[in-house]
Amino acid sequence: MKLLALFTFLVLTVPALGGLESPGDAAKVKLDEEQINKYFQQMDGDKNGRLDVEELPKWVRKMVDVHIKESVPSAKDEFRAVDTNRDKIITWEEYRVMMQKLGNQDPEHVVYSDKEQKHKFRTADENGDGVLNQIEYVAFKNPMTTDYVLTRIAQELLEDFDKDKDNKVSMSEFVHHEASRVDDKGDKEIDKLRRIEFRASMDRNDDKFLDLGEMKDYLNPRGKNFVTNEARHMMHEADANNDKQLSLKEIKDNYLHFQHHKNNPVIRAIHDEF
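Residues numbered from 1 in each chain as written. Predicted model: local features only at pLDDT ≥ 70, side-chain atom pairs only at ≥ 80, totals over all residues. Heavy atoms only, no water.

Helices and strands together make up the secondary structure of the protein, namely 13 helices and 4 strands. Here the protein, with 274 residues, has 50% of them falling under the buried criterion. Carbon and sulfur atoms form 50% of the exposed surface of the protein, whose accessible area is close to 13400 Å². (Helix = DSSP H or I, 4+ residues; strand = E, 2+ residues; numbered from the N terminus. Buried < 20%, exposed > 50% of the residue type's maximum accessible area, 1.4 Å probe, protein only. Areas by Shrake-Rupley, 256 points an atom, 1.4 Å probe, with all protein chains shown as cover.)

Here it is as structure tokens:
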């Protein structure tokens, strides 16, 4: 089972959480090759041309930081473009019209459903007034790196997994979550890998349940847990010669695959939920 790696993002965003992909969005999920080279060299402490299990998490965290640094001004620029009447707020209709216009200009851009986009719009609306100011719009475009949005996403995800409604997620609920097991229901190998993921990466206090904090930490791309997991998944997927190190070529060959992968059970649940 392939799990999400440098996505990173949901790297940093899951497609179902994004609206229409615009040039600004493309920059968010496809970092410049020059930057990949630059930070690879910085994190390669022993200068052997490979990142080992200690160096790779540092590279992942650096790429996350670079992504965040670049995505905020990009979102602010987009806010000004979408705010056509210059009233310093964006309504759903303004956003919908602008994104539809961009989609018509370039048929290759992906337009997600109104339901998906409206849900994300509402989630980013911190004060619930039905419109987005600039700060909320930045959160709208960068949901996984904004604390209040991340908390809301984690809460909805917790509720989705929590079949018996006891405000926590058991291993069984996580392993057998129906919405994210449509294609592999009954697959014993997937069951096994989900149990490993639950124990090794999510249940930090070993109480056999996931609470809101653990779900949020698991999703947080700035967190140590997330960075460590991404590095581990990258190593598993991209280490073609099984030397427990990744060369620059191995990272480049797999980079876009990492960013667009949605087979992580939590990420798949987000996609289904949103």
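After presenting the structure, the write-up continues.
Using the criterion set out here, one finds 11 salt bridges in the structure. With a shortest N-O distance of 3.2 Å, Glu78 and Lys141 are connected by a salt bridge. Separated by 63 residues along the polypeptide, Glu78 in helix H3 (residues 55–82) and Lys141 in helix H6 (residues 134–141) bring together distant segments of the chain. The buried category is assigned to Glu78, whose relative accessible area is 12%. The buried category is assigned to Lys141, whose relative accessible area is 3%. (Salt bridge = Lys/Arg side-chain N within 4 Å of Asp/Glu carboxyl O.)

Let's shift gears to the confidence of the model for the protein. When pLDDT is averaged along the protein, the result is 80; 77% of the residues meet or exceed 70. Element-level pLDDT for the protein is lowest in helix H1 (residues 23–29), with a mean of 42, against a maximum mean of 98 in strand E3 (residues 209–210). Across residues 1–30, confidence stays below pLDDT 50; counting only partners more than four residues off in sequence or on other chains, it has 118 contacts. pLDDT under 50 marks residues 267–274. Its contacts with residues more than four places away, or in other chains, come to 33 contacts. (pLDDT = per-residue confidence, 0-100. Contact = heavy atoms within 4.5 Å.)

Judged by nonpolar contacts, the single largest core of 30 residues is most densely connected at Tyr95, Tyr137, Met215 and Leu219. Elements supplying a minimum of two residues to this core: H3, helix H4 (92–105), helix H5 (114–124), H6, helix H7 (147–161), helix H9 (188–202) and helix H10 (212–219). Among the elements that line this core, the one with the most residues is H7, at 8 residues. With sequence-adjacent residues up to four places away left out, Met215 is seen in contact with Ala154, Leu157, Leu158, Phe161, Met202 and Leu210. Residues Leu51, Leu56, Trp59 and Val227 belong to the second largest nonpolar core, which totals 19 residues. (Core = buried A, V, L, I, M, F, W, Y, C linked by side-chain atoms within 4.5 Å.)

Aromatic ring pairs are defined here through the distance separating the ring centres and the angle between the ring planes. Tallying each qualifying case throughout the model produces 9 aromatic pairs. Seen in terms of ring centroids, Tyr95 and Phe140 are 4.9 Å apart; in terms of plane orientation they differ by 80°. Their pairing is edge-to-face. Of the two residues, Tyr95 is situated in helix H4 and Phe140 in helix H6; the sequence distance between them amounts to 45 residues. Owing to a relative accessible area of 0%, Tyr95 belongs among the buried residues under this scheme. (Phe/Tyr/Trp six-rings, centres within 6.5 Å; stacked < 30°, edge-to-face > 60°.)

Turning next to the environment of Thr146. Within the element layout of this structure, Thr146 appears in the loop between H6 and H7. On the basis of relative accessible area, Thr146 is assigned to the buried category, the value being 15%.

Attention shifts here to unusual backbone geometry. The phi torsion at Asn242 lies on the positive side, around 55°, for a residue other than glycine. Relative to the assigned elements, Asn242 resides in the loop between helix H11 (224–238) and strand E4 (246–247). Exposure remark for Asn242: the relative accessible area of 63% places this residue in the exposed category. Positive phi, close to 65°, is recorded for Lys244, a residue that is not glycine. If you trace the backbone, Lys244 turns up in the loop between H11 and E4. Classification of Lys244 as exposed rests on a relative accessible area of 57%.

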